[in-house]
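Residue-level structure breakdown
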Amino acid sequence: MKVNEIFYSLQGEGRYTGTAAVFLRLSGCNTRCPFCDTDHQSGKQMTEREILQTISHYPTRHIVITGGEPTMQLTASFTQMLHEAGYFTQIETNGSLPLPEGCEIDWITCSPKNLPIKIQRIDEVKVLFDIADKDNTERISRYGNIKAKEYRLQPLDASMTLEGDALTEQNKRNLEATIQFILDNPKWKLSLQTHKIINVR
């Protein structure tokens, strides 16, 4: 597998916010989102056994496999290896690719990116709320029809395109509009990037 990075932190978003987790960021993605804050193309090749050995140094048994797009590299043998070692497996995916045959994942967080959804199961839909997107409401409504256990809205952090007072104002407006949308549509729950708020990885 080509690995971008492995690090230990708190899960900052979604259902498992606040959970100690080891993050395995795999390289490569099949989309080019303008708001992406990850240099996910670089990395080094590691065997599945080397990855397991590296993550075993951390005390948690919760692993978040992300990217890039993790389904491009996941294998059934790796997920089996993780479960045999006692790990709870979570992936963060755009949902545009199916899980490779035989892969067993405990919790699937899907953040759709305007591509057809092909992943076989979704536990949590996480959608970015962006008031600058003229199709924002229609897009959220469309993703709200995806079958899942939980639905979360996350205000878009505009730091990839703005800075200074303009950034502060845009992020404030995004948050306020996200909260109002959830109050009007209580199917959705608020997801914040708490790792940015508390300044951890």
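Residues numbered from 1 in each chain as written. Predicted model: local features only at pLDDT ≥ 70, side-chain atom pairs only at ≥ 80, totals over all residues. Heavy atoms only, no water.

Our next topic: the packing of aromatic side chains. Summed over the entire model, instances satisfying the criterion amount to six aromatic pairs. Taking the centre distance of 5.7 Å and the plane angle of 75 degrees together, the rings of Tyr151 and Trp188 count as edge-to-face. With Tyr151 in strand S8 (residues 150-155) and Trp188 in the loop between helix H4 (164-184) and strand S9 (189-190), this pair connects stretches of sequence that are 37 residues apart. Exposure class is identical for Tyr151 and Trp188. Each is buried. Joined through ring pairs, the aromatic side chains of Tyr16, Phe88 and Trp107 make up one cluster. Between the NZ or CZ atom of Arg15 and the centre of the ring of Tyr16, over which it lies, the distance is 5.7 Å. For Lys187, the ring lying beneath its charged end belongs to Tyr151, and the centroid distance is 4.2 Å. (Phe/Tyr/Trp six-rings, centres within 6.5 Å; stacked < 30°, edge-to-face > 60°. Helix = DSSP H or I, 4+ residues; strand = E, 2+ residues; numbered from the N terminus. Buried < 20%, exposed > 50% of the residue type's maximum accessible area, 1.4 Å probe, protein only. Lys NZ or Arg CZ within 6 Å of the ring centre and 35° of its normal.)

This part is about empty space enclosed by the protein. The tally for this structure, following the rule as stated, stands at one cavity of 30 Å³ or more. The space that makes up the largest cavity amounts to roughly 40 Å³. If you trace the largest cavity, you find it lined by Glu13, Gly14, Arg15, Gln90, Glu92, Thr109, Glu124 and Lys126. Of all the secondary-structure elements, those providing two or more residues to the lining of the largest cavity are strand S5 (88-93) and strand S7 (124-129). For the lining of the largest cavity, the class distribution of residues is no nonpolar, three polar and five charged. (1 Å grid on protein atoms, 1.4 Å probe; cavity = no way out; pocket = protein on both sides within 12 Å on 5 of 7 lines; lining within 4 Å. Points joined across faces, edges and corners; volume = space filled by probe spheres on them. Nonpolar A, V, L, I, M, F, W, Y, C, P; charged D, E, K, R; others polar.)

Let's shift gears to helix H2 (residues 76-84). Working note: α-helix, 3.6 residues per turn, so residues spaced by three or four point in the same direction. Within H2, the full set of buried residues consists of Phe78, Thr79, Met81 and Leu82. An end-on view of H2 places all buried positions within 155 degrees of arc, on one side of the element. Residues of H2 that are buried make contact with strand S2 (20-26), helix H1 (48-55), strand S4 (62-66) and S5. Where H2 ends, the next residue or the one after it, Gly86, has phi of about 90 degrees, a positive value. (Arc of directions from axis to C-beta. Contact = heavy atoms within 4.5 Å.)

Time to look at the sheet that holds strand S6 (residues 107-110). Here nine strands make up an open sheet; going across it, the order is S3-S1-S2-S4-S5-S6-S7-S8-S9 and the pairing mixed. Every other strand in the sheet has two partners, leaving strand S3 (44-45) and S9 as the edge strands with one partner each. Pairing between S8 and S9: two bridges, direction parallel. In the sheet register, Leu153 faces S9, and the bridge partner there is Leu190. The strands touched by H1 within the sheet are strand S1 (2-10), S2, S3 and S4, with S1 carrying the most contacts at an inclination of about 20 degrees. Relative to the sheet, H4 contacts S7, S8 and S9, its axis offset from that of S8 by approximately 155 degrees. (Pairing = 2+ DSSP bridges. Axes fitted to C-alpha atoms, helices over the stretch in contact; angles between N-to-C directions.)

Tallied over the entire structure, the rule returns 11 salt bridges. In this structure, the salt-bridge partner of Arg152 is Glu124, at a minimum N-O distance of 2.6 Å. Taken together, the residues Arg152 in strand S8 and Glu124 in strand S7 connect sequence positions 28 residues apart. Here Arg152 matches Glu124 in class, with each residue buried. The partner of Lys196 in a salt bridge is Asp157, and the shortest N-O contact between them spans 2.7 Å. Note that Lys196 is positioned in helix H5 (residues 194-197) and Asp157 in the loop between S8 and H4, a separation of 39 residues in sequence. On the accessibility criterion, Lys196 (35% relative accessible area) is partly exposed. Assessed through its relative accessible area of 19%, Asp157 is described here as buried. (Salt bridge = Lys/Arg side-chain N within 4 Å of Asp/Glu carboxyl O.)

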